[in-house]
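Observations on chain architecture
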Amino acid sequence: MKIVTYNVNGIKARLPRLVEYLTEQQPDVVCLQELKSSDETFPEADIRAAGYGAVWHGQKGFNGVAVLTKGADPVERQRGLTGEPEDEHSRYLECEVFGLTVASIYLPNGNPQPGPKFDYKLRWIDRLRARALELLAAEVPAILAGDYNVIPNDDDVFSVKAMASDALMQPESRAGYRALVAQGWTDAVRTRHPRGGVWTVWDYQAGAWQRDAGFRIDHLLLSPAVADRLAEAGVDKDYRGREKASDHAPTWVTLR
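Residues numbered from 1 in each chain as written. Predicted model: local features only at pLDDT ≥ 70, side-chain atom pairs only at ≥ 80, totals over all residues. Heavy atoms only, no water.

Below, the discussion takes up the packing of aromatic side chains. Two numbers describe a pair of aromatic rings. These are the distance of the centres and the angle of the planes. Summed over all chains, the structure comprises 5 aromatic pairs. Aromatic side chains Tyr-148 and Tyr-177 sit 5.6 Å apart centroid to centroid with 90° between the ring planes, which places their arrangement in the edge-to-face category. Remark: Tyr-177 occurs in helix H5 (residues 171-181) and Tyr-148 occurs in the loop between strand E8 (142-147) and helix H4 (160-163); sequence separation between them is 29 residues. The residues Tyr-148 and Tyr-177 share a single accessibility class, namely buried. Considering the side-chain rings of Trp-202 and Trp-209, the 5.0 Å spacing of their centres and the 90° angle between planes classify their relative orientation as edge-to-face. Taking relative accessible area as the criterion, Trp-209 reaches 24% and is therefore assigned partly exposed. One aromatic cluster is present, formed by Tyr-6, Tyr-21 and Tyr-239 through successive ring pairs. Positioned above the aromatic ring of Trp-252, the side-chain terminus of Lys-2 is 5.1 Å from the ring centre. When the ring centre of Tyr-239 is taken as reference, the NZ or CZ atom of Arg-242 above it lies at 4.1 Å. (Phe/Tyr/Trp six-rings, centres within 6.5 Å; stacked < 30°, edge-to-face > 60°. Helix = DSSP H or I, 4+ residues; strand = E, 2+ residues; numbered from the N terminus. Buried < 20%, exposed > 50% of the residue type's maximum accessible area, 1.4 Å probe, protein only. Lys NZ or Arg CZ within 6 Å of the ring centre and 35° of its normal.)

Here's what the structure looks like:
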């Protein structure tokens, strides 16, 4: 079973690339982020024509997450995180798929930092950790997949110096991510590529793709029951180089 997380950076703009990916790779589950689409304008018909059912949590022009499943409809469990009722951002969607609980996550970027956006990012991580702990306590096989907007380690970025002031690499961001993993989750890509040097996103600016100046912020965290089934994890890097592609590449795990 192949499970993918993919920040599409605008589903309407990237729809040809997304359908292309679904057709060529035939993943079983795809968690999408940054739809930049309202619920009403989500391209459900195109997704279904490609052979996938979908549940989505949209927001016009910003954010937005979805879960796609091959040949079936995901069953929604939860949208949004508790703990901050006034938070209207569409950043969390949890579904039942093929006997797994899968969450599509779009964690706040947090820039500029310091400031209210960075404070919101840290609060959001805390809320995610609370939900993750509930999933572990329930002993359900779960995957937390998405764009975490956190570079966990120095070897997860092309240049520590270039990103030193970015919210993605601040000690508080990293500490929040590590505290999440320490609950008992397995960072699948890190487990399979322990030496780092694996990128999931390349900025559109400054020839980042051409220079391979990327970093890793798209993560799939596996609960213990799922980690026992981990076969492989990686990045479908070639899709970043296609015409009018997202700045992120599909990042995946395969399970036995």
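This brings us to H5. Along H5, the positions that sit buried rather than exposed are Ser-173, Arg-174, Gly-176, Tyr-177 and Leu-180. For H5, the buried positions fall inside an angular range of 160° around the axis, keeping them on one side. (Arc of directions from axis to C-beta.)

Its location among the elements puts Thr-200 in the loop between helix H6 (188-192) and strand E10 (201-202). The exposure class assigned to Thr-200 is buried, which follows from its relative accessible area of 0%. As a C-alpha pair, Thr-200 and Arg-216 span 16 residues in sequence and 4.9 Å in three-dimensional space. With sequence-adjacent residues up to four places away left out, Thr-200 is seen in contact with Phe-215, Arg-216, Ile-217, Asp-218, Val-235, Asp-247, His-248, Ala-249 and Thr-251. A polar atom in the side chain of Thr-200 sits 2.6 Å from the side chain of Asp-218. (Contact = heavy atoms within 4.5 Å. Polar contact = N/O pair within 3.5 Å; in protein donor to acceptor, adjacent residues only side chain to side chain.)

Spatially, the 6 strands line up as an open sheet ordered E3-E4-E2-E1-E14-E13, and their pairing is mixed. The open sheet terminates on both sides in strands that have one partner only, identified here as strand E3 (52-57) and strand E13 (230-235). Taking each pair of neighbouring strands and ignoring which way they run, the sheet shows an average axis angle of 15°. Pairing of strand E2 (residues 29-33) with strand E4 (residues 65-70) involves 5 bridges; the strand directions are antiparallel. Among the inter-strand pairings, Val-30 is bridged to a residue of E4, identified as Leu-68. Across the sheet, helix H1 (residues 15-25) touches strand E1 (2-7), E2, E3 and E4, and the angle it forms with E1 is around 165°. (Pairing = 2+ DSSP bridges. Axes fitted to C-alpha atoms, helices over the stretch in contact; angles between N-to-C directions.)

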